[in-house]
Amino acid sequence: MTIQQSTDEILQSVQQQPAGTATFKSVHPETQAIHGGSFRFDPTTGAVAVPIYQTTSFQLPGTDGADKLFALEAPGHLYTRVSNPTQDAFEQRLAELEGGAAALAVSSGQAASAFAILNLARSGDNIVSAAGLYGGTWALFAATLKNFGIETRFVDGNDPEAFARATDDRTRAYYAESLPNPKLEVFPIGEVAAIGRKLGIPLIIDNTAAPLTIKPLEHGAAIVVYSATKYIGGHGTSIGGAIVDGGNFPWADLADRHPQLNEPDPSYQGKTWIEKADAISFFPYILRARAVLLRDIGAAISPQNVFQLIQGLETLPLRLRQHNENAIKVAEFLQKHPKVSNVIFPKFQTGKAAERAKTYLKNGAYGALVGFELKSGRDAGRRFIDSLQLFYHLANIGDARSLAIHPSTTTHSQLSVEDQLKSGVTPGYVRLSIGLEHPDDLIADLTQALENA
Ligand code: PLP
């Protein structure tokens, strides 16, 4: 037997196994992160790592099958702007990890939050959002969506009833971050989701800062969005985003509230998205996000980047455990430090914030973001940052490396001091994103930088 013959035999036997035959189902995130979704091996080669399908387009079946593909009546890939097998493997795994029904990967977290809203709201509509938001999301809602005619009503995220008060018959969604910084007070997901469900309004949660540590769908959220650039990718290499559809929001019963899913779409044979999804037993929200928004706006993730996100996903539960443990050690160290007046970390909160931390944070974890205030204010913050040797000074979170930023001289420097204070940024406030280094080394770097602060 030649080498070529034996290779052919192996390939033939592999190909006889049905493609995508992952049959073992687990409830454990460690296993789901590696085996979740239907991908088991590449049906052509037997490769077990999800291949990077670096192609723009896919060979169509005969004209009979092709029309079904284009009409979304048969599964398959046409063009990588809309879907790709590497992307598909990531989406299925993420949906399973999140406890959702289906997911859509996009080119960035910003694209994910923009799509999450644009899938429901159009000119003349409004959304209600917690005011504690990542700056990019704030700008998207306050300026860009406003220019599209979509109004955002910002409310205090700690006051669930404020969402009800801001709602009218053109309100299409509620939006919040699960663990917004700088205050790091967990958002009351269950309370706001319940208000929304009574009024027919889905709660969309940006869970970027706390994947797996907070499970928004378990508390009634309808949709979860991620900047996968952060913990999911986990290594600071790739920008990406994702939307997870919980699959249990009653869109079909809410025709007046959600016209975009319930009205005939002339670009899809005049069918509604409820009908299109029903015909293939799928989920209308996420189907429309792909078939309309990804098609028309084109914020597609590249196969190379989504491959990197799959690598991140495989170790996400393991990495998060270490991120979270390191953060507790760092926060406890800072709390005892004489130059620190206040440590902002869910473990140390009191009152309502502490109750919510207890309700929503899982497994004794508090996330891996730690804020603290230097007694000597802005100049001390500047000196502290400039003295760091191990922590990087940059405006990101969720990297394997530990990161630090002094918002009043960077991310918030364009705001007046009053506006900085309103958003929770005092002059001596420093935000840390705790990485995967040994905690003793992190504490050693903080110790020497604090000496210079
Ligand atoms: N949401 C949160 C909470 C973020 O921190 C970020 C980015 O910093 C984003 C969304 C936007 O994500 P991306 O940078 O991937 O577009």
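Given the structure is predicted, the values throughout are model-derived calculations rather than measurements. (Residues numbered from 1 in each chain as written. Predicted model: local features only at pLDDT ≥ 70, side-chain atom pairs only at ≥ 80, totals over all residues. Heavy atoms only, no water.)

**Structural notes on the packing of helix 5 (residues 109–118) against helix 6 (residues 135–147)**
Logical step 1: Taken N-terminus to C-terminus, the directions of helix 5 and helix 6 make an angle of 45 degrees; their axes are 10 Å apart at the nearest point. Viewed along their axes, helix 5 and helix 6 adopt a mutual orientation that is oblique. The chirality of how helix 5 crosses helix 6 is right-handed. Along its contact with helix 5, which presents Gln-110, Ser-113, Ala-114, Ile-117 and Leu-118, the element helix 6 presents Gly-136, Thr-137, Leu-140, Phe-141 and Leu-145. (Axes fitted to C-alpha atoms, helices over the stretch in contact; angles between N-to-C directions. Helix = DSSP H or I, 4+ residues; strand = E, 2+ residues; numbered from the N terminus. Parallel < 35°, antiparallel > 145°, perpendicular 65-115°, else oblique. Left-handed = near helix turned anticlockwise from the far one by under 90°. Contact = heavy atoms within 4.5 Å.)

**Some points on the site of the ligand**
Logical step 1: Neighbouring the ligand are the residues Ser-108, Gly-109, Gln-110, Tyr-134, Glu-177, Asp-206, Thr-208, Ser-227, Thr-229, Lys-230 and Gly-240.
Logical step 2: At 2.9 Å, a backbone N or O of Gly-109 approaches an oxygen atom of the ligand.
Logical step 3: Taking Lys-230, its side chain carries an N or O atom lying 2.6 Å from an oxygen atom of the ligand.
Logical step 4: If the ligand stood free it would expose 390 Å²; the protein chains cover 87% of that surface.
Logical step 5: Partitioned by chemical class, the residues of the shell around the ligand number one nonpolar, seven polar and three charged. (Near = heavy atom within 4 Å. Polar contact = N/O pair within 3.5 Å; in protein donor to acceptor, adjacent residues only side chain to side chain. Areas by Shrake-Rupley, 256 points an atom, 1.4 Å probe, with all protein chains shown as cover. Nonpolar A, V, L, I, M, F, W, Y, C, P; charged D, E, K, R; others polar.)

**Digging into the environment of Gly-136**
Logical step 1: Relative to the helices and strands, Gly-136 resides in helix 6.
Logical step 2: Relative accessible area serves as the criterion here: at 18%, Gly-136 is assigned to the buried category.
Logical step 3: As a C-alpha pair, Gly-136 and Gly-109 span 27 residues in sequence and 9.6 Å in three-dimensional space. (Buried < 20%, exposed > 50% of the residue type's maximum accessible area, 1.4 Å probe, protein only.)

**Comments concerning the pairing of strand 3 (residues 151–155)**
Logical step 1: With five bridges joining them, strand 2 (residues 126–130) and strand 3 adopt parallel strand pairing. Within strand 3, the residue paired with Ile-127 across the bridge is Thr-152.
Logical step 2: Regarding the hand of the β-α-β motif, the stretch spanning strand 2, helix 6 and strand 3 is right-handed. (Pairing = 2+ DSSP bridges. Right-handed = clockwise from strand over helix to strand, strands pointing away.)

**Observations concerning the side chain of Thr-80**
Logical step 1: In this structure, Thr-80 sits in the loop between helix 3 (63–70) and helix 4 (85–98).
Logical step 2: Within the local environment of Thr-80, its side chain forms a polar contact with the backbone oxygen of Thr-55, the two atoms lying 2.7 Å apart.
Logical step 3: Here the side chain of Thr-80 touches Asn-84 through a polar contact of 3.0 Å, side chain to side chain.
Logical step 4: Apart from the residues lying within four places of it in its own chain, the contact partners of Thr-80 are Thr-55, Thr-56, Phe-58, Gln-87, Ala-300 and Pro-303.

**Things to note about the packing of helix 12 (residues 303–314) against helix 13 (residues 316–335)**
Helix-helix packing: each pair is described by the crossing angle between the helix axes and the interaxial distance.
Logical step 1: Orientation of helix 12 relative to helix 13, taken along the N-to-C sense of each, is 60 degrees, at an axis distance of 5 Å. Counted together, Gly-312, Leu-313 and Glu-314 of helix 12 and Leu-316, Pro-317 and Arg-319 of helix 13 form the full contact between these two elements.
Logical step 2: Residue composition of the contact of helix 12 with helix 13, grouped by class: three nonpolar, one polar and two charged.

**Thoughts on the sheet that holds strand 3**
Logical step 1: One open sheet holds the seven strands; their spatial order is 1-7-6-5-4-2-3, and the pairing between them is mixed. Edge positions in the sheet fall to strand 1 (102–106) and strand 3, since each has one partner strand and no second. In this sheet, neighbouring strand axes are inclined to one another by 20 degrees on average, regardless of whether the strands run parallel or antiparallel.
Logical step 2: Both strand 1 and strand 7 (residues 241–245) contribute to a ladder of five bridges, which runs antiparallel. Opposite Val-106, over in strand 7, you have Gly-241 as the bridge partner.

**Quick look at helix 15 (residues 377–387)**
Logical step 1: Three or more residues of helix 15 are buried, namely Gly-377, Ala-380, Gly-381, Phe-384, Ile-385 and Ser-387. Buried residues of helix 15, viewed axially, fall in a sector of 165 degrees; they line one side.
Logical step 2: The inward-facing, buried residues of helix 15 abut strand 9 (369–374), strand 10 (392–393), strand 11 (403–405), strand 12 (429–433) and helix 17 (439–451). (Arc of directions from axis to C-beta.)

**Topic: unusual backbone geometry**
Note on backbone geometry: most residues besides glycine have negative phi, and most peptide bonds are trans.
Logical step 1: A cis amide bond links Asn-181 with the next residue in sequence, Pro-182, at an omega value of 15 degrees.
Logical step 2: Unlike most non-glycine residues, Leu-72 shows phi in positive territory, near 65 degrees.
Logical step 3: One non-glycine residue with positive phi stands out, namely Asn-363, at about 55 degrees.
Logical step 4: Among the secondary structure elements, Asn-363 is positioned in the loop between helix 14 (351–360) and strand 9.

**Quick notes on the sheet that holds strand 11**
Logical step 1: Ordered in space as 8-9-12-11-10, the five strands form an open sheet in which the pairing is mixed. Of all the strands in the sheet, just strand 8 (340–344) and strand 10 have a single pairing partner and so form its edges.
Logical step 2: In this structure, strand 9 lies alongside strand 12, joined through five bridges in antiparallel fashion. Looking at strand 12, one finds that Glu-373 is bridged to Tyr-429.
Logical step 3: Against the sheet, helix 15 engages strand 9, strand 10, strand 11 and strand 12, with an angle of about 130 degrees to strand 9.

**Description of helix 8 (residues 189–199)**
Logical step 1: For helix 8, every residue scored as buried is listed here: Ile-189, Val-192, Ala-193, Ile-195 and Gly-196. Take helix 8 and look down its axis: the buried residues cluster within an arc of 160 degrees, on one side only.
Logical step 2: The inward-facing, buried residues of helix 8 contact helix 7 (160–165), strand 4 (171–177), strand 5 (203–206) and helix 14.
Logical step 3: Two residues or fewer after helix 8 comes Gly-200, characterised by a positive phi angle close to 80 degrees.

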